[in-house]
Amino acid sequence: MLTIEKSINKEKWNEFLDDNQYISFLQDFEYGEIEKSLGREVLRLGFFLKESKELVGICQLVGYKGKRNGLVIHHGPVIKEQYLEEALKLMINFLKEQKYNHKYKFLRINPIESDDKISTFKKLGFILAPTYAVSENFWLKKIQKDEDMIKEMNSSHKKLVLDSLKKPFLEIEKTNDQSKLDIFWKIYEDLARRKKFIPYSKEFIFKEFEIFNKGNKALLFLGKIEVDYVSAAIVIFSHRNAFYHHSASYPVKEPINYKLQWEIIKEAQKRKCYFYNFWGIARKENSSHPWYGLSQFKKGFGGSLVKLCPAVDYRFKNSYWLIYLYEKVSRKKL
């Protein structure tokens, strides 16, 4: 039997994620601090065996106000498999006892579980969400010896990486200097305009870098052609994984982005990471998809797809159905 507790300390929280080989960073204690700094409510729950007091699961919930007004669990909860169903039941009851079902209209979970666990959520009254909060898949590349990592690239990527390494005027700068985020932001804004997508806010990106950087868990990679910055990426290092979370580049002919990726991989190797997580890819092989090109770029470096359980919602209030319809229609338009 399980019990539930609030407010586990940072060290114990992140240690549990390490021990359970967590493959995201959105349940990291630091990520909750980012959301709190932006004025959102963050609730951290721990699940313990009643008799032995062993910690068997954790869950970080973020409350979003506004039109949608919901609680969201990004890439979580992280619970030992045999306790998943019991912990979810306990969490729902806890949220109701603590009146969170009065403050918010629904609970949305983007589970870190594999997609065959969807039946567990449906059994407890969850339904498939009309949209997702964060990526529902990952593209993972195993960190190995140089020759093995190059060997698994497709022929085009292999050639471009090797060519880029022969060009000293293509320079990759690694830094944790927060003042240089302005370089990233300028390139990122330009990309958002060209690709017509809604970018993360500047405040969010800068705060993410600041908070993870305090623990030496963030690096900014900047690509230069001679003296001009033309590409940039923010990479998070956590749980012996490197996460390619934010990136942007100007359209250029030189293979600067291939050299930048190789330098990220080399840094992951240096930090003894197990995997380089390229984050999500387009779910369908459709050349008209706005992220088809980026997905092909990621996949060309070699690796494999990890499919996560699709996002699910638990309704607290009947007004949730208005949100459901709005999001469903909006997604169809997209």
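Residues numbered from 1 in each chain as written. Predicted model: local features only at pLDDT ≥ 70, side-chain atom pairs only at ≥ 80, totals over all residues. Heavy atoms only, no water.

Peer 1: Which residues make up the pattern of salt bridges, and what values go with them?
Peer 2: Scanning the model with the defined rule gives 26 salt bridges in all. With its nearest N and O atoms 2.8 Å apart, the salt bridge here joins E254 to K167. Of the two residues, E254 is situated in the loop between β12 (241–249) and α10 (256–270) and K167 in the loop between α7 (155–165) and β9 (170–175); the sequence distance between them amounts to 87 residues. Taking the shortest distance from any N to any O, the salt bridge between E267 and R271 comes out at 2.8 Å. Exposure remark for R271: the relative accessible area of 23% places this residue in the partly exposed category. Taken together, the salt bridges that share partners define one network made up of K10, D28, E30 and K217. (Salt bridge = Lys/Arg side-chain N within 4 Å of Asp/Glu carboxyl O. Helix = DSSP H or I, 4+ residues; strand = E, 2+ residues; numbered from the N terminus. Buried < 20%, exposed > 50% of the residue type's maximum accessible area, 1.4 Å probe, protein only.)

Peer 1: Please provide a residue-by-residue account of the environment of K207, values included.
Peer 2: Within the element layout of this structure, K207 appears in helix α9 (residues 202–214). Counting along the chain gives 105 residues from K207 to H102, while the straight-line C-alpha distance between them is 30 Å. The contact partners of K207, leaving out residues within four places of it in the chain, are I34 and S37. In terms of polar contacts, K207 uses its side chain to reach the side chain of E210, at 3.3 Å. (Contact = heavy atoms within 4.5 Å. Polar contact = N/O pair within 3.5 Å; in protein donor to acceptor, adjacent residues only side chain to side chain.)

Peer 1: Please give an account of helix α3 (residues 84–97) that cites residues and values.
Peer 2: Helix length check: α3, at 14 residues, gives a terminal C-alpha distance of 20 Å against a target of 20 Å (1.5 Å per residue), a fit within 8%. Of the positions making up α3, those classed as buried are L84, A87, L88, M91, I92, F94 and L95. For α3, the angular spread of buried residues about the axis comes to 160 degrees, placing them on one side. The positive-phi residue at the C-terminal boundary of α3 is K99, with phi of around 65 degrees. (Expected span 1.5 Å × (residues − 1). Arc of directions from axis to C-beta.)

Peer 1: Let's hear about the packing of α7 against α10: which residues, and what values?
Peer 2: Running from N to C, α7 and α10 cross one another at 85 degrees; their axes reach a closest spacing of 8 Å. With respect to α10, the element α7 is oriented roughly perpendicular. Counting all contacts with α7, which are made through H157, L160, V161, S164 and L165, the residues of α10 involved are Y258, K259 and W262. (Axes fitted to C-alpha atoms, helices over the stretch in contact; angles between N-to-C directions. Parallel < 35°, antiparallel > 145°, perpendicular 65-115°, else oblique.)

Peer 1: Lay out the side chain of N277 with the relevant residues and their values.
Peer 2: By the element assignment, N277 lies in strand β13 (residues 275–277). A relative accessible area of 0% means that N277 is categorised as buried. Separated by 3.2 Å, the side chain of N277 and the backbone oxygen of I23 make a polar contact. Contact partners of N277, with chain neighbours within four places excluded, come to I23, F138, W139, L140, A242, F243 and Y244.

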